[in-house]
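Here are the chains, one letter per residue:
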Amino acid sequence: MATATYPPPPPFYRLYKDYEQDPTSAPEPPPPIQGTYQLYGATYTTDDVLPSLEDQGVRQLYPKGPNVDFKKELRSLNRELQLHILELADVLIERPSQYARRVEDISLIFKNLHHLLNSLRPHQARATLIHILELQIQRRKQAVEDIKRRREEAQRLLKEALGTLEGQ
């Protein structure tokens, strides 16, 4: 029985045998998947939509609608979380057997906080992209200024050299 250090390549490499002479001879890549698809037994969708808390079976603690004041609601939920954590500490000291309800309340607050933060992700992505593009523009402007400065310096040196040669 012969063994190889490396296994042979998959058979579809033959589809690319004429690629060096004719790059258009390679097969086209498959089209992107649209809609739903299965991966490792789970169903996924290509639509990037944040499911609502109701769709996830979680009670929403902040007002519904498109005009949510995220800053106010995040602060409110944070204060509520702090209060519930203090209550949990109280319950654990006085009646340890009744902690489960407090933990569920804290879990609900965390899920609402997490959902609110996830709804801000598109805005964060846009702001990050704008920042990156502004930095690129700034770097390119600096590079152009540096090139102009070096060109002027080179022209000055050439004029000095020409003046020195003419003076001799």
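For the structure itself, consult the block above.
This text gives an overview of the structure that appears in the document.

About the cut-offs
- Once a new chain begins, its residue numbering starts again from 1 and follows that chain's sequence as written.
- Two thresholds apply to this predicted model, a pLDDT of at least 70 for residue-level local features and 80 or more for giving and counting side-chain atom pairs, whereas whole-chain, interface and lining totals are computed over all residues.
- To get the side-chain values, take all heavy atoms of the structure and skip hydrogens and water.
- Secondary structure elements follow DSSP: runs of H or I of four or more residues count as helices, runs of E of two or more count as strands, with numbering from the N terminus.
- Radius of gyration here is computed from C-alpha atoms only, and the compact-globule reference equals 2.2 Å multiplied by the residue count raised to the power 0.38.
- Two distance rules govern patches: like charges are joined within 9 Å, and nonpolar side chains (Val, Leu, Ile, Met, Phe, Trp, Tyr) within 5 Å, applied only to residues with over 30% relative accessible area and no salt bridge.
- Calculation of accessible area relied on Shrake-Rupley with a 1.4 Å probe; when residues are assessed, cover is drawn exclusively from the protein chains displayed.
- For salt bridges, the criterion is a side-chain nitrogen of Lys or Arg within 4 Å of an Asp or Glu carboxyl oxygen.
- The set of buried Ala, Val, Leu, Ile, Met, Phe, Trp, Tyr and Cys residues whose side-chain atoms join them within 4.5 Å is what this entry labels a nonpolar core.
- Exposure categories follow from relative accessible area, calculated using a 1.4 Å probe and restricted to protein chains: below 20% of the type maximum is buried, above 50% is exposed, and the middle band is partly exposed.
- Under the convention used throughout, the expected extent of a helix is 1.5 Å for every residue step, that is, one less than its residue count.
- Contacts were defined at the residue level, with two residues in contact if any of their heavy atoms lie within 4.5 Å.
- In protein, a polar contact means a hydrogen-donor-capable atom and an acceptor-capable atom, both N or O and within 3.5 Å, with residues adjacent in sequence counting only if both atoms are side-chain atoms; elsewhere, any N or O pair within 3.5 Å suffices.
- Think of each axis as a best-fit line through the C-alpha atoms, taken over the contacting stretch in the case of a helix, with angles from 0 to 180 degrees between the N-to-C directions.
- The cut-offs work like this: below 35 degrees is roughly parallel, past 145 is roughly antiparallel, 65 to 115 is roughly perpendicular, and the gaps in between are oblique.
- The sense of a crossing depends on the near helix, which, turned anticlockwise from the far helix by less than a right angle, makes the crossing left-handed and, turned clockwise, makes it right-handed.
- Under the scheme applied, nonpolar residues are Ala, Val, Leu, Ile, Met, Phe, Trp, Tyr, Cys and Pro; charged residues are Asp, Glu, Lys and Arg; polar residues are all the others, including Gly.

**A look at the overall build of the chain**
Thinking step 1. Summing up its helical and strand segments, the chain has three helices and two strands in all.
Thinking step 2. N-terminal to C-terminal, the α/β element order of the chain is β-β-α-α-α.
Thinking step 3. Taking 15 Å as the expected radius of gyration for a compact globule of 168 residues, we find that the chain reaches 32 Å, considerably beyond that expectation.
Thinking step 4. Principal-axis analysis of the C-alpha atoms gives the chain an extent of 100 × 70 × 40 Å.

**Regarding the environment of glutamate 166**
Thinking step 1. Mapping glutamate 166 onto the fold places it in helix H3 (residues 121–167).
Thinking step 2. Along the sequence, glutamate 166 and leucine 133 sit 33 residues apart, while their C-alpha atoms lie 49 Å from each other.

**Points about a nonpolar patch on the surface**
Thinking step 1. Together, Phe12, Leu15, Tyr16 and Tyr19 line one region of the surface with nonpolar side chains, adding up to about 440 Å² of accessible area.
Thinking step 2. You can see tyrosine 16 is positioned in the segment before strand E1 (36–39).

**A short note on the nonpolar core**
Generally speaking, a soluble globular protein has its nonpolar side chains buried in company with each other.
Thinking step 1. Residues Tyr62, Leu77, Leu81, Ile109, Leu113 and Leu116 are the most contacted members of the largest nonpolar core, which totals 13 residues.
Thinking step 2. The element best represented in this core is helix H2 (residues 99–119), accounting for five residues.

**Observations regarding H2**
Thinking step 1. A rise of 1.5 Å per residue sets the reference length of H2, with its 21 residues, at 30 Å; its end C-alpha atoms lie 31 Å apart and thus fit the reference within 8%.
Thinking step 2. Residues of H2 that are buried include every one of Arg102, Asp105, Ile106, Leu108, Ile109, Asn112, Leu113, His115 and Leu116, and no others.
Thinking step 3. On its buried face, H2 is in contact with helix H1 (70–94).

**Some points on the side chain of glutamate 73**
Thinking step 1. Counting through the fold element by element, glutamate 73 comes out in helix H1.
Thinking step 2. Once residues within four sequence positions are removed from consideration, glutamate 73 is found in contact with Tyr62, Pro63, Val68 and Leu116.

**Some remarks on the environment of glutamine 38**
Thinking step 1. When you line up the elements, glutamine 38 lands in strand E1.
Thinking step 2. Classification of glutamine 38 by relative accessible area gives exposed; the value is 54%.
Thinking step 3. Sequence separation between glutamine 38 and glutamine 168 is 130 residues; the distance between their C-alpha atoms is 83 Å.
Thinking step 4. A distance of 2.5 Å separates a polar atom in the side chain of glutamine 38 from a polar atom in the side chain of threonine 43.

**Some thoughts on the packing of H1 against H2**
Thinking step 1. Viewed as axis vectors pointing N to C, H1 and H2 meet at an angle of 160°, and their least axial separation amounts to 9 Å. Between H1 and H2, the crossing angle belongs to the class labelled roughly antiparallel. Relative to H2, the crossing made by H1 is left-handed.
Thinking step 2. Of the residues contributing to the contact of H1 with H2, the split by class is 16 nonpolar, four polar and five charged.

**A word on the pattern of salt bridges**
Thinking step 1. Taken as a whole and judged by the stated rule, the model has seven salt bridges.
Thinking step 2. Residues arginine 102 and glutamate 87 are paired through a salt bridge, measuring 3.4 Å at the closest nitrogen-oxygen approach. Of this pair, arginine 102 sits in helix H2 while glutamate 87 sits in helix H1, and the two are 15 residues apart along the sequence.
Thinking step 3. Taking relative accessible area as the criterion, arginine 102 reaches 15% and is therefore assigned buried.
Thinking step 4. Between aspartate 146 and arginine 150 there is a salt bridge whose closest N-O contact spans 3.1 Å. Linking aspartate 146 with arginine 150, this pair stays in helix H3, spanning four residues, or about one helical turn.

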